[in-house]
Amino acid sequence: MKILIVDDEKLIRDVIKEYCCNENYEVLLASNGEEALEIVNIEKVDLIILDIMMPKLDGFSLCKQIKDKNIPIIILSARTDEFDKLLGFELGIDDYVTKPFSPKELIARVKAVLKRNNKIDDSFTYKTLVVDFKAHNIVIDGENIKFTPKEYDLLVYFINNSNIALTREILLDKIWGYSFFGDDRTIDTHIKMLRNTLGKYRDLIVTVRGVGYKFEAE
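Let me sum up the structure you'll find in this document.

What counts, and at which threshold
Residues numbered from 1 in each chain as written. Predicted model: local features only at pLDDT ≥ 70, side-chain atom pairs only at ≥ 80, totals over all residues. Heavy atoms only, no water. Pairing = 2+ DSSP bridges. Helix = DSSP H or I, 4+ residues; strand = E, 2+ residues; numbered from the N terminus. Contact = heavy atoms within 4.5 Å. Axes fitted to C-alpha atoms, helices over the stretch in contact; angles between N-to-C directions. Core = buried A, V, L, I, M, F, W, Y, C linked by side-chain atoms within 4.5 Å. Buried < 20%, exposed > 50% of the residue type's maximum accessible area, 1.4 Å probe, protein only. Phe/Tyr/Trp six-rings, centres within 6.5 Å; stacked < 30°, edge-to-face > 60°. Salt bridge = Lys/Arg side-chain N within 4 Å of Asp/Glu carboxyl O.

Regarding the sheet that holds strand β10 (residues 166-167)
Logical step 1: The three strands are arranged β10-β12-β11 in an open sheet whose pairing can be described as antiparallel. Pairing within the sheet leaves two strands with one partner each, and these edge strands are β10 and β11 (205-208).
Logical step 2: Here β10 pairs with strand β12 (residues 212-215) via two bridges, running antiparallel. The residue bridging Leu 166 from the neighbouring strand is Tyr 213, located in β12.
Logical step 3: Strands in contact with helix α8 (residues 184-198) are β11 and β12; relative to β11, the strand with the most contacts, it is inclined by about 150°.

Here it is as structure tokens:
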């Protein structure tokens with residue numbers, strides 16, 4: 001998922017970026033509406049967190065110019081007037097958060113908006129590899145593949161964080177949880193098992209030296 005953060009205050013951009021990165025979202029930054037407009041014209045953006053009062057091009061004007069792109073938008077503004085909120089929703093925004101704000105609450109709203117807008121796909125397809133998230137199923141060349149629960153959890157997490165280098169610590173935390181007392185060998189063993197399960201698609205899981213692993217499916 002690619003999130004565009006648009007705010008003329010660097011501190012706010014940096015705080016939101018940190019929380020988004022903790023959720024493994026890819027982050028793009030813009031300090032005004034014009035920069036944001038340039039980005040959405042060349043990048044596939046899944047959601048925009050947008051300030052209203054900015055130089056060059058304000059948030060509402062940006063909303064009008066990109067309305068046809070159907071990108072979910074969360075307004076993040078110090079303006080609390082009901083008129084501003086109503087105008088935002090008339091322009092098609094998905095949520096309105098006022099400053100000061102809770103970064104954790106903002107991330108929760110991001111997740112909710114992405115879910116409402118069906119930005120989380122029900123399946124993943126790469127050539128003859130199909131992972132059906134609803135059916136909890138992996139198919140290669142039309143045949144159902146046997147897998148362990150942890151192999152499936154790893155694969156889904158990799159898919160949802162494609163092209164992001166994931167450390168072994170992150171994988172242990174996200175797949176096994178804080179209460180697990182294993183070590184790096186646990187990850188390496190399960191990665192080997194998953195690669196064997198994927199067969200001819202084993203190379204989709206790339207070893208990143210000195211970091212961990214990432215999933216690459218172009």
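So, the nonpolar core
Inside soluble globular proteins, nonpolar side chains tend to come together where they are buried.
Logical step 1: The biggest cluster of nonpolar side chains holds 27 residues, and the ones touching the most others in it are Leu 129, Val 131 and Phe 158.
Logical step 2: Those elements giving two or more residues to this core turn out to be β6 (123-126), β7 (129-132), β8 (137-140), α6 (149-160), α7 (168-176), α8 and β12.
Logical step 3: Here the element with the most residues in this core is α6; it accounts for seven residues.
Logical step 4: Ignoring anything within four residues of it in the chain, the contact list for Val 131 reads Asp 122, Ser 123, Phe 124, Asn 137, Ile 138, Tyr 152, Leu 155, Val 156 and Ile 159.
Logical step 5: Ile 39, Leu 50, Phe 60 and Ile 93 belong to the second largest nonpolar core, which has 24 residues in total.

Description of the sheet that holds β6
Logical step 1: What the four strands build is an open sheet, ordered β6-β7-β8-β9; its pairing is antiparallel. The open sheet is flanked by β6 and β9 (143-144), the only strands paired with a single partner.
Logical step 2: Pairing geometry for β6 and β7, over four bridges, is antiparallel. Note on β7: the bridge partner recorded for Ser 123 is Asp 132.

So, the pairing of β6
Logical step 1: Only one face of β6 is buried: it carries Phe 124 and Tyr 126, and the other face, with Ser 123 and Thr 125, is open.
Logical step 2: Taking the residues that link successive antiparallel strands as the turn, the β6-β7 hairpin has two residues, and the phi of Lys 127 there is positive, at about 55°.

Looking at the packing of aromatic side chains
Logical step 1: For the coordinates displayed, the defined rule picks out three aromatic pairs.
Logical step 2: With 5.7 Å between their ring centres and 70° between their planes, Phe 124 and Phe 215 make a pair best called edge-to-face. With Phe 124 in strand β6 and Phe 215 in strand β12, the pair connects residues that are 91 residues apart, well separated along the chain. Taken as a pair, Phe 124 and Phe 215 share a single burial class, namely buried.

Observations concerning the side chain of His 190
Logical step 1: With respect to the helices, strands and loops of the structure, His 190 is situated in helix α8.
Logical step 2: Once residues lying within four places of it in the same chain are set aside, the contact partners of His 190 are Lys 150, Leu 154 and Trp 176.

As for the pattern of salt bridges
Logical step 1: Under the defined criterion, the tally for this structure stands at 13 salt bridges.
Logical step 2: The closest approach of N and O atoms between Asp 51 and Lys 99, which form a salt bridge, is 3.6 Å. With Asp 51 in the loop between β3 (47-50) and α3 (59-65) and Lys 99 in the loop between β5 (95-98) and α5 (103-116), the pair connects residues that are 48 residues apart, well separated along the chain. For the pair shown, Asp 51 and Lys 99 are each scored as buried.
Logical step 3: A salt bridge links Asp 95 to Arg 109, with the nearest nitrogen and oxygen atoms 2.9 Å apart. You can see Asp 95 sitting in strand β5 and its partner Arg 109 sitting in helix α5, a full 14 residues away along the chain.

A word on the pairing of β12
Logical step 1: With four bridges joining them, β11 and β12 adopt antiparallel strand pairing. Bridge assignment links Thr 207 to a residue of β12, and that residue is Tyr 213.
Logical step 2: Joining the antiparallel neighbours β11 and β12 is a turn of three residues, in which Gly 210 adopts a positive phi near 80°.

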